[in-house]
Protein chains: 2
Amino acid sequence: MKVYLAGPEVFLPNAREVLDQKIELTRRYGFVPVSPGDLEVPATDTKRAKGLAISSINQRLMMSTDMIIANLTPFRGVAADVGTAFELGFMCARGCPAYAFSNTASNHFDRVAHHYEGRIQADGDNRLRGPDGLAMEDFDMVDNLMLDGGVDAQGGAIVTREVDPERLYVDHQAFEECLRIAAARFLR
Amino acid sequence: MKVYLAGPEVFLPNAREVLDQKIELTRRYGFVPVSPGDLEVPATDTKRAKGLAISSINQRLMMSTDMIIANLTPFRGVAADVGTAFELGFMCARGCPAYAFSNTASNHFDRVAHHYEGRIQADGDNRLRGPDGLAMEDFDMVDNLMLDGGVDAQGGAIVTREVDPERLYVDHQAFEECLRIAAARFLR
């Protein structure tokens, strides 16, 4: 069973090392790991062509897999990496089992409240909004409801864990818990 | 031809009004609009159950459509709304034509550079990184390469336009340009 390892680890200075650790862990639980960056990017003429080539490779890699484990740890702000969110949606539409994790225990609502520095008000319908008027999702969810809901609809789980901020993108315990849950479901 | 209208407009104080404007424009171009929030959410016992019910409705709505137009205007930070990114990935995996727009002309690289307040440095491989060490995508793209690449792979287009900041989520000109391009491709 092939597992696509989605997440923002590709942006780390030691990306190769961290991806290799995830690949090794995935094998240890009996799955075949498929990781973005596993294929060579062809030479291209423009920056945009290079980006499109990488996207095309990742789409092809996803099409070759049976399951996704998505790292939804907040990335440059309140929410998950949008590339990872795209990939989670992609695999959910394919009907693949989907698991996710986040290396912070704070939920979506807490993070958005922090983003608004607590300046939150209820509107006439008792819906909480920031000073910009945008409604806050208040659903006890790790991230936007489409992400949590997508994982749930595929029978998966989202594991959260508060890690040392220095290890935000390199702690593998929540990821490993996803592997453990998925292995118990599919490989025993 | 049914079009799913994805975007963060659902969070606006006047969401119903803005969604209705998009619905009306979509009809005017000859498409059948399908908009999140078009179905009634059943009563639920918990917040989380309510969120899951909304997600389930939106997934069902997407499954009933043939195309997506996604609003990738930055939402609470440097990137698109992650719920919209999930939906774009979902529709790309279904092989549906995908269009997108953003109501800012700044590209992904510019926004991330601004997020880092210009404190960017090239690493040994000449890859630009923020002070947190995270690599910046530099691919002349509107957002993360999976989003731009997903639209491109479905033969779609991404329209960008700088609008008055006060009209960031309510200006429909870039959205309308997507409708025009899609109508020329599919309805003439």
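Residues numbered from 1 in each chain as written. Chains lettered and ligands numbered in written order. Predicted model: local features only at pLDDT ≥ 70, side-chain atom pairs only at ≥ 80, totals over all residues. Heavy atoms only, no water.

Asks: A description of the pattern of salt bridges should follow, citing residues and the corresponding values.
Replies: All names here are of chain A. If you walk through the whole model with that rule in mind, you get 24 salt bridges over all chains. With a closest N to O distance of 2.8 Å, lysine 22 and glutamate 9 form a salt bridge. Here glutamate 9 lies in the loop between β1 (2-6) and α1 (15-28) and lysine 22 lies in helix α1, a separation of 13 residues in the sequence. The class of glutamate 9 is buried, set by a relative accessible area of 2%. Between aspartate 123 and arginine 129 there is a salt bridge, with its nearest N and O atoms 2.8 Å apart. (Salt bridge = Lys/Arg side-chain N within 4 Å of Asp/Glu carboxyl O. Helix = DSSP H or I, 4+ residues; strand = E, 2+ residues; numbered from the N terminus. Buried < 20%, exposed > 50% of the residue type's maximum accessible area, 1.4 Å probe, protein only.)

Asks: Got a sec to walk through the packing of aromatic side chains? Specific residues and values, please.
Replies: Any two aromatic rings considered together are summarised by their centre-to-centre distance and by the angle between their planes. Inspection of the entire model under this criterion finds eight aromatic pairs over all chains. Ring geometry for phenylalanine 75 of chain B and tyrosine 169 of chain B: centres 6.2 Å apart, planes at 70 degrees, overall edge-to-face. Residue phenylalanine 75 of chain B is located in the loop between β3 (67-71) and α3 (82-93), and its partner tyrosine 169 of chain B is located in the loop between β7 (158-160) and α6 (173-186); the two are separated by 94 residues in the primary sequence. On the basis of relative accessible area, phenylalanine 75 of chain B is assigned to the buried category, the value being 10%. These aromatic residues form a ring-pair network of at least three members: Phe11, Phe75 and Tyr169 of chain A. Across the ring face of phenylalanine 11 of chain A, the terminal group of arginine 76 of chain A is positioned such that the distance to the ring centre comes to 5.9 Å. Here the guanidinium or amino end of lysine 22 of chain B rests over the ring plane of phenylalanine 175 of chain B, the centre of that ring lying 4.8 Å away. (Phe/Tyr/Trp six-rings, centres within 6.5 Å; stacked < 30°, edge-to-face > 60°. Lys NZ or Arg CZ within 6 Å of the ring centre and 35° of its normal.)

Asks: Any details on the side chain of serine 102 of chain A? Residues and values, ideally.
Replies: All names here are of chain A. In this structure, serine 102 sits in strand β4 (residues 98-102). For serine 102, a relative accessible area of 1% translates into the label buried. The residues touching serine 102, leaving out its near neighbours within four places in the chain, are Leu72, Thr73, Pro74, Val142, Val159, Thr160, Arg161 and Ala174. (Contact = heavy atoms within 4.5 Å.)

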